[in-house]
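# Architecture at a glance
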Amino acid sequence: MINNPLSMVMKKIQEGIDSRHSDYHIMNVSYVLNTQIKTSCTVIRNLTDNAIWFNTDFRSQKVVALEKNNQACLHFYSKKDKIQMSVACTLVIHHHDDFTKQAWEKASLLSKQCYRQIGPPCEAYHEETAQLKLPLKTAYENFATVEATMHTIDVLFLKFGGNERYLIDMHTKHCQSVLP
Ligand SMILES: Cc1cc2nc3c(=O)[nH]c(=O)nc-3n(C[C@H](O)[C@H](O)[C@H](O)COP(=O)(O)O)c2cc1C
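### Details of helix H1 (residues 5–18)
An ideal rise of 1.5 Å per residue puts 20 Å on 14 residues; H1 measures up with 20 Å between its terminal C-alpha atoms. Looking at H1, one finds that the buried residues are Pro5, Val9, Ile13 and Gly16. Considered in projection along H1, the buried side chains sweep an arc of 70° and stay on one side of the axis. The exposed set on the far side of H1, more than 90 degrees from its buried face, consists of Ser7, Lys11 and Asp18. Where H1 is buried, its residues touch strand S2 (36–48), strand S3 (51–57), strand S5 (83–94), strand S6 (143–157), strand S7 (164–169) and strand S8 (175–178).

Set out below in structure tokens:
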């Protein structure tokens, strides 16, 4: 049996923030756009008390979707560790606040380039505008940081001797072993 699944999960999430080589660096975010379920890759950026943070373009579909439905699922899988983690959460978009400012200051110049494109990320490619770039100051207007408050973590440890699955309530920190 895993000794302390919650501390193991937190360690892995932190590893994803600290190293771009970690399997936990990229997570899938699933959200609901109208009646459609969508999934996008994102880079994990921060972990606070009970929330995971990632950055996004304020013009993206995710932001539009969250106005109607802010429930989402973050999904991680490490082939190396044979661990799957599924995090049920509520998303809050931060735009033009202190959190946005801090995240922008922390972002590398390379990451900031993503927010310099003309038009939303999901828009069709236009040859005339694709080469043009917005000034960095304007790019900040397109930048948002997203706070994903965790409710439950469903974690599965794949093992030869028998898989182990736990449901962790992130409000009470209660961890329950369940059959895989
Ligand atoms: C490896 C990888 C990392 C990505 N990281 C992010 C990210 O941190 N934030 C983000 O908004 N989009 C990121 N994207 C792009 C998204 O997957 C997606 O294409 C874009 O955000 C538009 O998604 P949406 O239409 O669901 O809003 C990444 C894509 C890849 C392939």
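### Quick look at the nonpolar core
By size, the foremost hydrophobic cluster in this structure holds 29 residues, and its most contacted members are Leu74 and Ala148. Elements with a contribution of two residues or more to this core: H1, strand S1 (26–33), S3, strand S4 (71–78), S5, S6 and S7. When residues in this core are grouped by element, the largest group, 7 residues, is from S6.

### Details of unusual backbone geometry
Here Lys82, not a glycine, exhibits a phi torsion of approximately 60°, which is positive. Mapping Lys82 onto the fold places it in the loop between S4 and S5. Positive phi, close to 70°, is recorded for Lys173, a residue that is not glycine. Secondary-structure assignment places Lys173 in the loop between S7 and S8. When the 9 C-beta atoms within 10 Å are taken as the criterion, Lys173 is described as exposed.

### Points about the pairing of S4
Taken together, the 4 bridges between S1 and S4 define a ladder with antiparallel strand orientation. Within S4, the residue paired with Ser30 across the bridge is Cys73. Bridge count between S4 and S5: 8 bridges; the pairing is antiparallel. Residue pairing across strands places Ala72 opposite Cys89, the latter belonging to S5. Between S4 and S5, which pair antiparallel one after the other, the connecting turn spans 4 residues, and Lys82 there sits at a positive phi close to 60°.

### Some thoughts on the site of the ligand
Around the ligand there are 15 residues in total, and Ser40, Thr56, Ser60, Gln61 and Lys62 lie nearest to it. Elements with a contribution of two residues or more to the shell around the ligand: S2, S3 and helix H2 (61–68). The leading source of residues in the shell around the ligand is S2, at 5 residues. Its residues placed into classes, the shell around the ligand shows 6 nonpolar, 6 polar and 3 charged.

Criteria and cut-off values
- Residues numbered from 1 in each chain as written.
- Predicted model: local features only at pLDDT ≥ 70, side-chain atom pairs only at ≥ 80, totals over all residues.
- Helix = DSSP H or I, 4+ residues; strand = E, 2+ residues; numbered from the N terminus.
- Expected span 1.5 Å × (residues − 1).
- Buried ≥ 20, exposed ≤ 12 C-beta atoms within 10 Å, placed from the backbone.
- Arc of directions from axis to C-beta.
- Contact = placed C-beta atoms within 7 Å.
- Core = buried A, V, L, I, M, F, W, Y, C linked by C-beta atoms within 7 Å.
- Pairing = 2+ DSSP bridges.
- Near = placed C-beta within 6 Å.
- Nonpolar A, V, L, I, M, F, W, Y, C, P; charged D, E, K, R; others polar.

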